[in-house]
Each structure stands twice: as structure tokens, then as C-alpha cells.
Amino acid sequence: MTGVRGFGPRLRALIVPGFGRLWAGSVAVPLACLAAAGWWYWVDVTRSQVGEAQRTVDMVQEQTMRALETQEAALQALQAYVHDMSWQQIRDSAARDFARRLVAATPSVANAGIIDPEGHVAVSSEPVLPPPGLSFADRDYVRAFPVGTERRATFVGEVIASRIDGRVQVHLSRPRLGPENSPDGGVITSAFTPEQFERFFSAVAETDSTGFKLVRSDGMVLACYPDAVTTTGNHLSPDDPVLAAVRGLGPGETRVLRSGSLLSGLQLTVLRQVGDYGLFVIHSTDPLVVRTNWLHQMTPAALGAMAAMLLLLTLTARAQHRTRQERADLLSRTTTAEEGRALAQERADLEAQLRQTEKVAALGQLAAGVAHDFNNLLQTLLLHAEMLQQRPENPPHVRSSAAVMVKACLRGTDLTRRMLDHARRDEPASGEINIEAALHSVQVLVGRSLGGRHRLVVSAAGALPRVQGSPAELESVLINLVVNARDAMAAGGDIALEASTEQVDGDPLSEIQPGRYLRLSVRDTGHGMDEATLARAGEAFFTTKERGKGTGLGLSMARGFAERAGGTLTLVSQPGIGTTVTLLLPVSAEARSGVS
């Protein structure tokens with residue numbers, strides 16, 4: 001645990017001040033692009049797989065219709081052959097030989113026959129006739145056409161085992177029409193085996209986990225792949241959502257069900273009705289196909305993102321290394337410059353060169369160049385995401401995913417914009433600041449814009465010494481702090497801006513050197529901050545304001561100004577009481593010499 005707690009300080013020691021955002025951007029921008037590409041590819045792969053599954057179901061439905069039409073043709077041929085015959089003539093005729101030739105000519109027809117009104121076999125294409133007393137009146141394909149029925153549509157029976165040879169079969173039946181062209185209680189039948197459809201399912205299956213089923217509207221499974229139908233009584237579970245979807249499916253309608261996720265695998269189940277037979281084709285895709293295709297498309301994008309990240313990290317490391325070397329060189333040269341105006345001037349030139357190198361060379365070349373390229377990439381992804389979001393034909397979940405992509409792209413664009421702004425900002429001019437003039441300028445600029453409910457009260461304790469820095473930057477810092485105080489005081493009130501001098505004694509735990517300092521405090525009586533918020537208040541881009549009303553850079557800029565001047569910034573806040581922000585700035589060298 002001690003090693004873990006010590007990792008943070010060691011990491012901060014490795015990062016040169018001002019490079020933290022570049023390191024974060026070098027990782028965040030490629031990851032944001034990769035996430036946007038991942039959503040885009042997931043939507044595209046899913047849509048493509050749905051189309052492929054629908055085309056497969058259309059092909060299977062068409063093949064099933066052809067097989068059933070062949071069965072219909074066999075039934076019609078047998079009906080036409082015995083149309084004008086009595087039942088005795090049917091038994092004594094060559095109808096059995098005709099049924100055998102019919103089955104031999106149509107391999108998809110397993111057998112064909114005629115059942116008389118008593119449920120006994122009058123004609124059969126089977127090599128061995130059933131015993132004369134064997135009745136088939138209990139079969140559902142026979143019971144579908146009782147004596148006196150007016151129904152003439154073809155009936156598809158359940159899966160049964162033949163009482164002659166034990167084969168698993170599915171029978172189709174129609175009523176036998178007598179000489180008066182009306183049902184006389186007999187039934188004409190033909191049959192197919194589930195294996196005939198299962199062989200076709202196996203031929204079109206994409207993988208071993210691809211599923212096909214041919215089911216009736218009551219859930220009876222007539223054929224199945226990869227788990228073949230070898231016994232009777234195979235039904236879909238009553239609480240199976242697929243069965244509920246089957247019963248709600250209309251003629252010619254196709255329905256797609258989704259289950260699973262990206263991690264577990266997305267399975268698509270496509271349903272399609274087969275003609276007017278009360279049959280349905282169910283096609284289930286392999287759950288791993290969508291994920292595999294997505295990973296295949298994501299591999300180049302991931303490699304590109306990793307390459308871009310490595311490039312950014314390498315450029316950042318080189319820029320930081322160069323800055324550290326120049327800083328070390330500067331420090332080594334300034335330590336020997338103890339006397340003379342020439343040495344002092346050289347030190348000033350080196351300091352200016354260091355600041356120019358840190359901001360222009362590192363931030364300008366790296367952030368302005370690389371971030372600009374990534375901004376163009378983000379704009380391309382943002383354009384495609386908005387196009388996907390605005391297509392009305394896309395399902396809601398697709399448009400929702402596109403909205404997430406748009407937000408991610410906008411965040412990445414905002415990050416690169418802030419990197420560019422920071423990189424292109426000029427170094428403030430260095431000099432001595434007249435504190436009285438700066439306070440007066442802040443009072444003039446802010447006093448009238450606070451509104452009628454707020455008042456800025458400026459107070460100074462005696463003559464104030466000058467400090468080192470940029471007057472414009474100090475005024476900007478104070479204005480930001482006053483505006484923050486105003487925003488924290490929704491009910492209005494007085495905002496105190498106080499200035500005084502303070503002598504800081506030597507303290508080993510202190511972050512600043514002993515000496516004389518100028519204290520600038522901005523105090524409000526607003527809602528204050530709790531401990532968690534106070535701990536993060538100085539972080540860049542952290543803000544408690546509403547979206548669009550704050551950048552989270554005010555306190556960060558103030559802290560940076562104080563630290564560059566050799567001072568510090570402190571925050572004291574209590575919920576319900578208010579907040580006080582204090583800047584301690586070292587008095588300039590000339591002011592110190594004047595006092596001494």
C-alpha cells in the first residue's frame with residue numbers, strides 16, 4: 001500500500017508542468033475516435049446481418065413452398081385418378097400401382113394413399129399393406145375431415161411414427177371428393193420426412209450453431225437443425241417468446257427478434273409464414289457471427305488508434321524531454337550567473353527562451369498540429385453519426401447509439417479546441433504590477449456588470465507594494481474570481497475584494513519561501529462547497545456550474561498565475577457560509593529593497 005500511495009507523487013514528478021493535458025489528450029483523443037468507430041461498425045454489422053438473415057429466410061421459405069406444392073400436386077393427381085370411382089372400385093383398381101409410380105417420380109413425397117370413411121387404408125404406396133383391421137381414424141390428418149365436412153383446404157398433420165415401419169413422418173391430407181364433387185368422408189394423404197427439410201437446412205447453415213425450424217402455429221416442430229426431429233411430440237415451450245411472435249405474425253410478414261449483447265454475442269431470430277398452411281420458418285443466427293464480423297472490422301480501427309496514440313505519446317515525450325533538457329541547461333547556466341548585468345540579462349533571455357520553447361515548441365507544434373488533424377477526423381465521424389441519427393427509417397436504438405456517438409465526438413472536438421487555444425496563447429508580458437491601479441481597474445470593469453443585487457466592496461490596508469507579473473493577467477484572474485463569487489450568491493449580497501501585506505516566516509512544510517507577500521482575497525457569502533467539491537476545485541475543467549455556464553478554468557488559471565509568480569493560492573469554504581479565495585504573491589525585488 002505504501003508503494004501505491006507513493007506512485008502519484010512519482011508520476012507528477014515525471015510530468016513537466018504544462019504537459020499534463022497533452023498526456024491526457026494523447027490518450028483520450030484516439031480512444032474517443034475508437035469508441036465512435038466501434039459504435040458505427042456495430043450498427044453497420046448488425047444491419048448487414050439482419051439483411052443476410054432475412055434473405056436466408058426468404059430462400060428457405062421459397063424452398064419450403066416448393067416442397068409443399070409438390071405434395072399438393074401429388075394429392076391432386078391421386079384425387080383425379082379415383083374421382084369417378086366408388087370405394088370398391090378404388091380397392092379393386094390399379095390405384096395402388098399409380099400411387100407407387102407417383103411416389104417414385106417425386107422423391108420429396110415419402111408415401112401417398114387413400115383412407116376410407118371408416119379410417120381403413122384403401123390405397124397405399126407402401127410395399128406392405130397394413131392389416132385389414134388396422135384403423136387410422138385417430139390420426140389428426142384423418143380427423144381433420146370428418147363425414148359431412150365442408151373443409152377442403154390442405155391440412156398439415158403433426159409428426160408421427162408410421163404404424164407399418166416406424167418411420168417419422170409428417171402427413172398432408174385433403175378430403176376425397178366423390179363423383180358428385182363433394183367430400184364423402186374419405187381422405188387422400190401424402191407424407192414427407194423431417195429429414196428432407198433438415199438436409200436442406202444443413203446445406204444453407206452458415207455455422208454449426210445456425211438454427212432452422214419448421215413449426216406449426218400450435219408450436220409443433222416438424223423439422224429442425226441442428227437438433228434433428230427423430231421422435232414425436234417436439235413442441236416449442238409455451239412461454240417461448242418465439243412462439244408468441246409466431247402466433248402474432250401475419251401473412252407475408254417477416255419479424256426479427258434480438259437477444260444477447262456485444263459481449264455475450266447477438267443472436268437474431270427471423271420468422272416468416274409459409275403460405276396458407278399455418279406453417280412458419282424460424283431462422284436463428286449464430287450468436288458469435290455478429291461479434292466476429294464486428295471484431296474483424298474493428299481490428300484496423302484499433303490498430304490505427306493504437307498507432308496514433310503511440311505517435312502522440314512519442315511526440316509528447318520528445319517535447320517534454322527537450323523542455324526538461326533546456327530547463328536543466330537554463331538552471332545550470334543561471335546558477336553561475338551571480339554578478340554583472342550581462343549575466344543577469346543572459347538569464348532573462350534564457351528564461352524567456354524557456355517559456356517560448358515550452359508553449360510554442362511543445363504546445364504549438366504538438367497540440368496545434370496533431371490536435372488539428374484529430375479534429376478533422378472527429379468532424380468526419382461526427383458527420384456520419386449525425387447522418388445516422390437523422391435517418392427516420394433507422395430503429396430507435398440505432399438513433400440512440402448515434403446520439404451517443406455525436407456526444408463523444410463533440411467532447412473530443414471541445415478537448416482539441418481547448419488544446420489549440422492553450423497552445424496558441426501568447427506568454428503574458430512580465431513586469432511590475434501596481435496593485436492600486438489593478439484593483440481600481442477591476443472595480444470599474446466589474447462593478448457595473450454585477451447587477452443590482454450584488455456589490456463589489458474593495459478595501460486595501462495602507463500603501464500596497466508592487467508584485468512581479470502581468471497586470472492584464474492579474475486583472476483577468478481577479479475578474480474571474482469575482483464572477484465566480486457572484487454566481488455562488490444567487491440571492492445577492494456584498495463581494496469583498498481585500499488587499500494587504502503579510503510577512504511569511506520560514507516553515508519546512510510551507511510551499512513558498514519566507515519573505516514579504518501581498519495578500520489578495522475574494523470573499524463571498526454564497527452556498528459554499530463541501531469537502532469533496534473543495535478537493536477538486538482547483539482541477540482544470542472541473543466546475544459546479546450548469547452546462548454551458550462555466551469552463552472550469554477560472555481557479556486553474558488563478559493557481560497557475562500565483563505559482564508562476566512564486567506564490568500560492570488557497571481555498572477556504574463551508575457549505576451555507578461562503579468561500580474565500582486567497583492569493584499570496586511575493587513582493588517584487590525593488591519593493592523589498594525600498595522597504596529595507
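See the structure shown above.
A short tour of the structure in this document, coming up. Values in this document were obtained by computation on a predicted structure and should not be read as measured data. (Residues numbered from 1 in each chain as written. Predicted model: local features only at pLDDT ≥ 70, side-chain atom pairs only at ≥ 80, totals over all residues. Heavy atoms only, no water.)

### Points about the overall build of the chain
Rules: In DSSP terms, a helix is any run of H or I states spanning at least four residues, a strand is any run of E spanning at least two, and both are numbered starting from the N terminus. Contact definition: two residues touch when any of their heavy atoms are within 4.5 Å. Where accessible areas are quoted, they stem from the Shrake-Rupley method and a 1.4 Å probe; at the residue level, only the protein chains shown are allowed to cover.
Within the chain, the regular secondary structure consists of 16 helices and 17 strands. Long-range contacts, defined as pairs at least 24 residues apart, comprise 66% of the intrachain contacts of the chain with a sequence gap of at least 6. Approximately 31,000 Å² of the chain is accessible, and the part contributed by carbon and sulfur atoms is 55%.

### Let's talk about the packing of helix H3 (residues 20-81) against helix H5 (residues 95-105)
The angle between the axes and the distance between the axes are what describe a pair of packed helices. Let me state the cut-off plainly: Axis lines are fitted through C-alpha atoms, for helices just across the contact stretch, and the angle between N-to-C directions can take any value from 0 to 180 degrees. Our angle categories are set so that under 35 degrees counts as roughly parallel, over 145 as roughly antiparallel, 65 to 115 as roughly perpendicular, and the remainder as oblique. Crossing handedness is defined as follows: a turn of the near helix away from the far one that is anticlockwise and smaller than a right angle gives a left-handed crossing, while the clockwise case is right-handed. Side-chain classes follow a simple rule in which Ala, Val, Leu, Ile, Met, Phe, Trp, Tyr, Cys and Pro form the nonpolar group, Asp, Glu, Lys and Arg form the charged group, and the remainder, Gly included, forms the polar group.
In the contact formed by H3 and H5, the axes pass within 11 Å of each other and the chain directions differ by 160°. Overall, the two elements H3 and H5 adopt an arrangement that is roughly antiparallel. Crossing hand, H3 versus H5: right-handed. Residues Ala74, Ala77, Leu78 and Tyr81 of H3 pack against Ala95, Phe98, Ala99 and Leu102 of H5. Residue composition of the contact of H3 with H5, grouped by class: eight nonpolar, no polar and no charged.

### Let's talk about the nonpolar core
Our working rule: Put simply, buried Ala, Val, Leu, Ile, Met, Phe, Trp, Tyr and Cys residues joined by side-chain atoms within 4.5 Å make one nonpolar core. Using a 1.4 Å probe on the protein chains alone, a residue whose accessible area is under 20% of its type maximum counts as buried, one over 50% counts as exposed, and one in between counts as partly exposed.
One finds Ile90, Ile114, Phe201, Leu214, Leu222 and Leu279 to be the most contacted residues of the largest nonpolar core, which totals 54 residues. In terms of residues, this core owes the most to one element, H3, which gives seven residues. Once you skip the residues sitting within four places of it in the chain, Leu279 turns out to touch Leu68, Val156, Leu214, Val215, Arg216, Leu222, Arg272, Gln273 and Val274. Residues Ala438, Leu474, Ile495 and Ala499 belong to the second largest nonpolar core, which totals 33 residues.

### Focus: the packing of aromatic side chains
Selection criterion: Here is the rule: rings of Phe, Tyr and Trp (six-membered ring for Trp) pair when centre to centre is within 6.5 Å. Planes less than 30 degrees apart are stacked, more than 60 are edge-to-face, and the remainder are tilted. Here, over-ring charges are defined by two tests on the NZ atom of lysine or the CZ atom of arginine: distance to the ring centre within 6 Å, and angle to the ring normal within 35 degrees.
Summed over the entire model, instances satisfying the criterion amount to four aromatic pairs. Centroid distance Tyr81 to Phe98: 4.4 Å. Interplanar angle 10°. Geometry classified as stacked. Here Tyr81 is found in helix H3, whereas its partner Phe98 is found in helix H5, with 17 residues between them in sequence. The class of Tyr81 is partly exposed, set by a relative accessible area of 30%. Arg176 extends its terminal NZ or CZ atom over the ring of Trp87, reaching a point 5.2 Å from the ring centre.

### Observations regarding the pattern of salt bridges
Opposite charge on two side chains permits pairing when their charged atoms draw close. Rules: Basic side-chain nitrogens of Lys or Arg form a salt bridge, by our definition, when they fall within 4 Å of a carboxyl oxygen of Asp or Glu.
Inspection of every chain in the model, using the stated rule, returns 19 salt bridges. Of the charged contacts, one joins Asp494 and Arg455 as a salt bridge, the two residues approaching to 2.9 Å between their closest N and O atoms. Taken together, the positions of Asp494 in strand S14 (residues 493-504) and Arg455 in strand S12 (residues 454-460) put the pair 39 residues apart, joining distant regions of the chain. In this structure, a network of salt bridges that share partners links the residues Glu126, Asp165 and Arg167.

### Focus on empty space enclosed by the protein
So the rule is basically this: Definitions used for this entry: grid spacing 1 Å over protein atoms alone; cavity, a set of points where a 1.4 Å probe fits but cannot get out; pocket, an open set with protein on both sides within 12 Å along at least 5 of 7 lines; lining residue, one with an atom within 4 Å of a point. Grid points are joined across faces, edges and corners, and a volume is the space filled by probe spheres set on the points.
Under the definition given, this model contains three cavities of 30 Å³ or more. A volume near 220 Å³ is recorded for the largest cavity. Lining the largest cavity we find 21 residues, and of these Asn111, Phe136, Tyr141, Ile164 and His171 sit closest to its centre. Taken together, the elements giving at least two residues each to the lining of the largest cavity come down to strand S1 (111-115), strand S2 (121-124), strand S3 (155-161) and strand S4 (168-177). The element contributing the most residues to the lining of the largest cavity is S1, with five residues. Of the residues assigned to the lining of the largest cavity, the class counts are eleven nonpolar, seven polar and three charged.

### Things to note about helix H7 (residues 194-204)
Residues Pro194, Gln196, Phe197, Glu198 and Phe201 constitute the buried set of H7. Of the surrounding elements, those touching the buried residues of H7 are H3, S4, strand S5 (183-192), strand S6 (211-216) and strand S7 (221-225).

### Digging into the pairing of strand S10 (residues 279-284)
We count it as follows: Strands are treated as partners if at least two bridges between them are detected by DSSP.
For S10, the tally of buried residues reaches six of six residues, placing the bulk of the element in the interior. Alternating positions in S10 separate into two faces, Leu279, Val281 and His283 on one and Phe280, Ile282 and Ser284 on the other, with burial throughout. Relative to S10, S6 runs antiparallel, the two sharing six bridges. The residue bridging Gly211 from the neighbouring strand is Ser284, located in S10. For strand S9 (residues 265-274) and S10, the ladder comprises six bridges, and the chain directions are antiparallel. Each residue of the ladder has a partner; that of Gln273, found in S10, is Phe280. Between the antiparallel neighbours S9 and S10 lie four residues, among them Gly275 with a positive phi of about 55°.

### Remarks on the sheet that holds S12
Across the sheet, five strands lie side by side as S12-S14-S15-S17-S16; this open sheet has mixed pairing. In the strand order of this sheet, the two ends are held by S12 and strand S16 (568-574), each with one partner. Each strand axis lies, on average, 20° off the axis of its neighbour in the sheet, ignoring direction.

### A word on the pairing of S14
Relative to S14, S12 runs parallel, the two sharing seven bridges. When the sheet's bridge partners are listed, Ala460 is paired in S14 with Ala499. Judged from the nine bridges that link them, S14 and strand S15 (residues 515-523) form a sheet pairing that is antiparallel. Among the inter-strand pairings, Leu497 is bridged to a residue of S15, identified as Val522.

### Focus: H5
Short version of the rule: Starting at the helix axis, one direction is taken to each C-beta atom, and the arc is that of these directions.
Among the residues of H5, Ala95, Phe98, Ala99, Leu102 and Val103 are the ones counted as buried. Take H5 and look down its axis: the buried residues cluster within an arc of 135°, on one side only. In H5, those exposed residues whose orientation departs by more than 90 degrees from the buried face are Arg101, Ala104 and Ala105.

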